Amino acid sequence: MKSNLISRKFLSLILLLVLCFFAGILLGSVSLSPINVLRCLAGFDKDTTDYILINTVRLPRVIGACVAGMGLSTAGVILQSVMNNSLASPNTIGVNSGAGFAVMLSLMFGSNRTLGIPIAAFAGSLAATLIIYGLAYMADSSRTTIILAGITVSSFLNAGINTIKLLDTDITINLTTFMIGSLSGLTFETLQFPIIAILIALILSFLFARSINVLSLGDETARSLGLHVTAVRLFLLVLSSILSGCVVSYAGLLSFVGLIIPHICRRLFGNDARYLLPCSALLGASFILICDILGRILFAPFELPVGILLSFIGGPFFLYLLFQKKGGRRVNA
């Protein structure tokens, strides 16, 4: 009975994603006809304006939004499991800032945008993750310590980002848009390497779902069940860094997706990572698509970057989780 219910919810998430994907191509400052969209996607009407708009603007954008949502939400599930902290996410513990700082460094030294920037973003996010995890491990692993360590590291990294921009005004990036997070101007060339890396990391994370479940039982129990805790934890941190870093490389510092989506999916599917990881990926993709569509149509023909909407939604959600009470006492992670 339970498996049937989960299956129905899973199919609902797939249907929601398909609808959001199609809506992302249809809607914007210029709305398109559904029939024309289907014809263009099927390869007809190649000489029309609609075909050019869909294949050079809308399609790369919705694909980038889907992959960004999948990457950030899955990274959030992994970080919360590895750090045993319900408030951990690429945004709240400074992983995104590490990736952003590395991206700015690579741009300053003239790195190749197609390959060099995603690699730099991964290296920066991994370094930030390991620093924050190390600081929390040396002090204590409470939710407050990890979040404060993340805020501290993020402040230094964001200061570094702004310093690099001031020192090198020739960097070909809009710093404001990058810091907020935006999906405008994406091309298939920009997305090629990040998408491949994110999809590989997603598959590997799904394969490690059972290990994540065992790890959530505690280190001693996990070791008694034969899990190599240190190696698995490090590997999962690398996966989360690939997922979040590659998203930052093309979408900027999108916030709160990795915090909001895992919590919603836990309410819907429970804590079993075998269900939680793929469902978080699906819902995360739909969530960013919806926010991006709203950003395009609310103030059309002007566009509101998707990162602003995510911050409006994520800020109150973070405060709700931070002060959530259970049985009259504050919940500790």
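Residues numbered from 1 in each chain as written. Predicted model: local features only at pLDDT ≥ 70, side-chain atom pairs only at ≥ 80, totals over all residues. Heavy atoms only, no water.

Can you break down unusual backbone geometry residue by residue, with the values?
A positive phi angle, close to 75 degrees, is found at F256, a residue other than glycine. Tracing the backbone through its elements, the reader meets F256 in the loop between α11 (229-251) and α12 (257-269). Note on F256: relative accessible area 14%, which makes it buried. (Helix = DSSP H or I, 4+ residues; strand = E, 2+ residues; numbered from the N terminus. Buried < 20%, exposed > 50% of the residue type's maximum accessible area, 1.4 Å probe, protein only.)

Describe in detail the confidence of the model for the protein, supporting the description with residues and values.
Residues of the protein with pLDDT of at least 70 account for 92%, and the chain-wide mean is 85. At the low end of the mean pLDDT range in the protein sits strand β2 (residues 329-330), at 42; at the high end sits helix α13 (residues 273-297), at 94. Predicted confidence is poor over residues 325-333, with pLDDT under 50, and the contacts of this stretch with residues over four places away or in other chains come to 16 contacts. (pLDDT = per-residue confidence, 0-100. Contact = heavy atoms within 4.5 Å.)

Give me the packing of helix α3 (residues 49-82) against helix α8 (residues 188-207): which residues, what numbers.
Put simply, α3 and α8 touch, their axes get as near as 10 Å, and they point 30 degrees apart. Looking at the two axes, α3 sits roughly parallel to α8. Classified by chirality, the crossing of α8 by α3 is left-handed. For the pair α3 and α8, contact is made by N55, L59, P60, I63, G64, V67, M70, G71, T74 and I78 and by F188, L191, I195, I198, L202 and S205, respectively. Looking at side-chain class alone, the contact of α3 with α8 contains 11 nonpolar, 5 polar and no charged residues. (Axes fitted to C-alpha atoms, helices over the stretch in contact; angles between N-to-C directions. Parallel < 35°, antiparallel > 145°, perpendicular 65-115°, else oblique. Left-handed = near helix turned anticlockwise from the far one by under 90°. Nonpolar A, V, L, I, M, F, W, Y, C, P; charged D, E, K, R; others polar.)

Mind laying out the packing of aromatic side chains, listing which residues take part and the relevant values?
Working definition: an aromatic ring pair is given by the centre-to-centre distance plus the angle between the planes. Evaluated as defined, the whole model comprises 2 aromatic pairs. Plain terms: the ring middles of F208 and F235 are 4.8 Å apart, the flat faces sit at 35 degrees to each other, and that makes the pair tilted. Highlighted residues: F208 in the loop between α8 and α9 (209-215) and F235 in helix α11, separated in sequence by 27 residues. Of the residues examined, F208 reaches a relative accessible area of 25% and is grouped as partly exposed. Measuring from centroid to centroid gives 6.3 Å for F317 and Y320, while their planes differ by 50 degrees, and the two rings are tilted. In this pair, F317 and Y320 are both assigned in helix α14 (residues 306-322), 3 residues apart and thus about one turn of the helix distant. The ring of F269 carries K9 above its face, with NZ or CZ at 5.9 Å from the centroid. (Phe/Tyr/Trp six-rings, centres within 6.5 Å; stacked < 30°, edge-to-face > 60°. Lys NZ or Arg CZ within 6 Å of the ring centre and 35° of its normal.)

Kindly report on the pattern of salt bridges, identifying the contributing residues and their values.
With the rule as written, the count across this model stands at 5 salt bridges. Residues R274 and D272 are paired through a salt bridge, measuring 2.6 Å at the closest nitrogen-oxygen approach. Overall, the relative accessible area of 38% leaves R274 in the partly exposed class. Note on D272: relative accessible area 19%, which makes it buried. (Salt bridge = Lys/Arg side-chain N within 4 Å of Asp/Glu carboxyl O.)

Break down the side chain of S286 for me, citing the residues and quoting the values.
Mapped onto the elements of the fold, S286 is located in helix α13. Exposure remark for S286: the relative accessible area of 1% places this residue in the buried category. Beyond its immediate chain neighbours, meaning those up to four positions away, S286 contacts L13, L16, L17 and C20.

Pulling in residues and values, what's your account of the nonpolar core?
Counting 88 residues, the largest nonpolar core has I93, Y250 and L254 as the members making the most contacts within it. Looking at this core, the element that brings in the most residues is α3, giving 15 residues. In this view, I93 contacts L79, M83, A88, I132, I146, I147, G150 and S154; residues no more than four positions away in its chain are not counted. Ranked by size, the runner-up nonpolar core spans 8 residues in total, among them V103, L107, V248 and L253. (Core = buried A, V, L, I, M, F, W, Y, C linked by side-chain atoms within 4.5 Å.)

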